[in-house]
Every structure is written in C-alpha cells, then in structure tokens.
Amino acid sequence: MAEQLTNATMIVDKDFKVSEIDPRIYGSFIEHLGRAVYGGIYEPDHPEADEHGFRKDVLDLVKELQVPIVRYPGGNMVSAYNWEDGVGPKEERPKRLELAWRTIENNQVGTNEFADWAKKAGTDVMMAVNLGTRGIDAARNLLEYANYPAGTYYSDLRRRHGYEQPHNIKTWCLGNEMDGPWQIGGKTAEEYGRLAYETAKAMKLVDPDIELVSCGSSNSDMPTFPQWEATTLEHTYEYADYVSLHQYYTNYENDTANFLARSMEMDHFISTVVSTCDYIKAKKRSSKTMNLSFDEWNVWFHSTKADQHIEPWQTAPPQLEDVYTFEDAVLVGSLLHTLLKHSDRVKIACMAQLVNVIAPIMTDNGGRVWKQTIFYPYYYTSVYGRGTALNPVVNSPKYDSKDFTDVPYLDTSVVYNEDKDELVVFATNRHLENTLKVDCDIRSFEDFYVKEHVVLEHEDPKAVNTAGQEKVTPHYNGQSYMESGRLQGILPKMSWNMIRLQKQ
Ligand code: AHR
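Here's a quick rundown of the structure. Keep in mind it's a predicted model, so treat the numbers as computed, not measured.

1. A word on unusual backbone geometry
Backbone phi values are negative for most residues with the exception of glycine, while trans is the configuration of most peptide bonds.
Moving on, step 1. The omega torsion across Gly74 and Gly75 is 15°, close enough to zero to call that bond cis.
Moving on, step 2. In this structure, Asn254 takes a positive phi of about 55° despite not being glycine.
Moving on, step 3. By the element assignment, Asn254 lies in the loop between strand 10 (242-249) and helix 7 (256-259).
Moving on, step 4. With a phi close to 50°, Ser484 is a non-glycine residue in the positive phi region.

Structure (structure tokens):
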C-alpha cells in the first residue's frame, strides 16, 4: 500500500536568527566507567593501538564526528577521584576501589594521557574537579598542574612527568551532579553553592582565562529542581560562566510515538533553567547572562537491568552498554534540533558518552569498532550544523501521546553556513505511518538547489547495529526538490533527514 501524505509548511529566512552556534554544542563525554577508557579509547594490546596505547580505529571515528570538546574524567566517578593517582610513572600508580561504579580503577590513564588523546582526536578537554570528597585545594593544584607554565611545585611536577608545555585546559566543571543522593560526597544546595563559589574563586585566581560550569540538577525530575539552580547560582553567579543540565531519555513503556516526543521535555527543561538563571540575574541586578552547558544528554535505559547483575570490583566491565535502536537515533536527531533551537543560551552540550558507555561508538576488546544507530544524526549535525541557527516558522499537524499533547509531526532545526553559502535543514518526521510533505518557503535564499538529501529510515523501529552488521545506516536517495524557488521536503514516515541546499 502506498504511504499516505501529511502536509506541513515552513518559512526559513536569513533574518530569523537564533544565534551563532558555539561548536562546543557538539561535545561529548568520556568517564572512567565501564569500557569507555579501558577497551574503548585505550587498549595497548590491540592491533590498532598506537605508541601510546590509544586505539587508532576509535580515534578515526571520533575524528569523523568532529567532536570539539570532551568532558573528563566523570561523571559520578570524579566525586571520589584523586587526580594525583593518575599522573607520574604508570607502574607506580595505585589501584583503587572506584566507589561510584564499584569497579577497580588502575589509573593507567590520567590527566596527561587524556590530554594526549584529546590532541590526537582534535578535541579540547573539559575537565571536572572533585567537589565530593575533596575541594578547593585539590582543584587549584590540578589546575596549576595542568595550566601553569613552569617554576612552581605542581607545574614542575608536570614537567618532571614529561609534559614540558601546559595543557591549557579552558573549560572546567565544578563537580558533578552534587544534588544526587547517589553522589559520593553529595551536598545540599547551600553546601554546594558555598564550596563551588570558594573553589571557583581560587581557580580563577590561578588562571583567570578559564571558564567554569556550576552544577545544575542531575535531571529535571529531581525534587529540588529548579530551586537547586536558584540557590546554587545565588552563590556561584559571579564566577561561573555556565550552569550544567543533565538528562537521559527512556522508552521503558515501549511507546514509540510517546518516546519520539521526549525532545519536548528537553525543550521545557532548557527553558526552565534559562528562566531560573535570568531570575537570579535580575535578583542580583547583574549585567552578566549565564549560559547553559547541557553536558550529559542521550538515550539511556537499555542496559539498566543487565547492569544490576554485574559483579563488583572488576576492572573495566561492560557497564552501561546500551545497544541503540533506529527509534533511539530518531529521538537523538530531535534532541539535537532542540539544542540548536536553544543555541542562544546552550553554548556547550555533551552527548554522554562517546565510546562503549551509552555511546555512538562501540568496540570489542581486541576486536572491531562499529557505529551505533545514534552515530548518524550526531555525525551529520556536528559536521554540517555549523554557522548560524535560524528559527523557522513551522506549521505542522500534531498528535497527542501518553505524556504529551500537541506534538508536531515535523520537528526541525535549520542552520545557515554563510562561509559555505549553504543552508541545512535537519528534519524529523515523527509520523509513524505517513510521509510528511513540507512546503518550505526559503525566500531569502535565492537560487539555492538541493545538493544532498540524507535519510535515516528503517522498517523496524527496533533495528540495531552490531559488530559487522550495521542494519541502520543513512541513504542518499532523499526525494526533496525545489519548485518555483520553494523547497519541497519529502520526509519518509518515522525518519530523520538532512537536506543540504547550496547556492547555484
Ligand atoms: O553518564 C553516566 C552517569 O550519568 C554519569 O556518571 C553521571 O554524571 C550521570 O548520572
């Protein structure tokens, strides 16, 4: 039976600007957790390992994604981490009980190795400091170790460790999810606010050029959200440059239509945090605008049951290894639209995580590397979503689902890359049965033609990619075309699309 058509319209105009996109919105995250580091980016015995033990096959895929910044070393793990354990001669580094994930951490990768890896991957490091079990002193010492050129105790220690030049890490997180009862050394908003303020003050005295991220809520379902943001920002507003947001999306009910609407939750979450920041700005009579770092986001639920059966105190067990479906990739595409739509305030965002742990890249220990389904929307949006985010006027039919009302079938974000004279329409069709035909008025883009229409679609919403069997891959046979100067977007049922237009 031929697919039914649903119609939508859009107006795209150069003058409808959201913001210049900060490339760090395409960041990611590597935690000392599961096989993210050991068996993921680092596996000295692997045939693809380079002279430092980093897997070149993994590095190639990270480079393909053009990840601009990677958060490190945690995550929950950072809240009981001694950074000193991970520097100096490898054979002298201690093995420790890692309490957040109940594993053994052998510290064969630490600050310097990660900085080396980041350089090879062409990415910057976003470093988190431990505000769980530690505080001002450990944070300022680590910063001195990483960024101070020479002639002091910690900078000379780094040089003795073989790193003559400082790493010049610019972006630092003041702890991780400090509101979470699961967090080692978790805090009340008052306790965290005071500690984060004093730590931030000391860190900016060491290096005034750094940028700092104050911890927001662990997710929008926390009972203390958004009072946590209000209370902590009262303390940290002066020194912090960003407040963090974390959220993972689930489909436990196996309800595709409802799941695909979850990006509306992200939208609402961002708007609430923006309002809270602006409330504190007003209260403080401040002229400074606080920006947002959505430094953990993804789909995460497939592995939660299996993880309950993992024996504790192993080194690098397979934890949080979600195998992503096609429908997860469609939602990830929509989550990226949402970040772009808020790019006036969201300046950093990190897909959590990058390799093996709830990740777009998977590996076998000693074996292959492959792309999960979610790799594709992340790849195309990161590579082609650079420039200015535009705010299209969208008119789309809507549906209701279990948790949402008025969900537009068409979800979209638009980027104008002036340097390349390129207009990129990223578009999701949430309709599970019908093709969506989008009549798009691109009035300020004269003589543009459809250069490429990439489609991610699959008959089976639950289709997955595994080693050597990548069932979900994009194709380039999208049917969009220009008619009388208007773009006619043809979006197959339940699909994610990238339509790239260029000036003739
Ligand atoms: O990314 C996995 C975990 O999720 C992180 O360690 C923590 O910050 C969050 O709860």
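2. Observations concerning empty space enclosed by the protein
Moving on, step 1. For the coordinates displayed, the defined rule picks out three cavities of 30 Å³ or more.
Moving on, step 2. Taken as a whole, the largest cavity holds about 110 Å³ of empty space.
Moving on, step 3. Taken together, 15 residues make up the lining of the largest cavity; nearest its centre are Trp83, Ala128, Val129, Asn130 and Leu142.
Moving on, step 4. Secondary-structure elements contributing two or more residues to the lining of the largest cavity are strand 7 (124-129) and helix 3 (136-147).
Moving on, step 5. A class-by-class count of the residues in the lining of the largest cavity yields 11 nonpolar, three polar and one charged.
Moving on, step 6. If you add up the space inside the second largest cavity, you get close to 90 Å³.

3. Examining the packing of aromatic side chains
Moving on, step 1. The final tally for this structure, using the stated rule, is 23 aromatic pairs.
Moving on, step 2. Judged by centre distance (5.6 Å) and plane angle (20°), the ring pair of Tyr192 and Trp228 falls under stacked. On the criterion of sequence distance, the pair formed by Tyr192 in helix 5 (residues 189-206) and Trp228 in helix 6 (residues 227-236) is long-range, its members being 36 residues apart.
Moving on, step 3. Aromatic side chains Tyr379 and Tyr380 sit 4.8 Å apart centroid to centroid with 75° between the ring planes, which places their arrangement in the edge-to-face category.

Criteria and thresholds
- Residues numbered from 1 in each chain as written.
- Predicted model: local features only at pLDDT ≥ 70, side-chain atom pairs only at ≥ 80, totals over all residues.
- Heavy atoms only, no water.
- Helix = DSSP H or I, 4+ residues; strand = E, 2+ residues; numbered from the N terminus.
- 1 Å grid on protein atoms, 1.4 Å probe; cavity = no way out; pocket = protein on both sides within 12 Å on 5 of 7 lines; lining within 4 Å.
- Points joined across faces, edges and corners; volume = space filled by probe spheres on them.
- Nonpolar A, V, L, I, M, F, W, Y, C, P; charged D, E, K, R; others polar.
- Phe/Tyr/Trp six-rings, centres within 6.5 Å; stacked < 30°, edge-to-face > 60°.

All we've got here are geometric facts, nothing functional implied.
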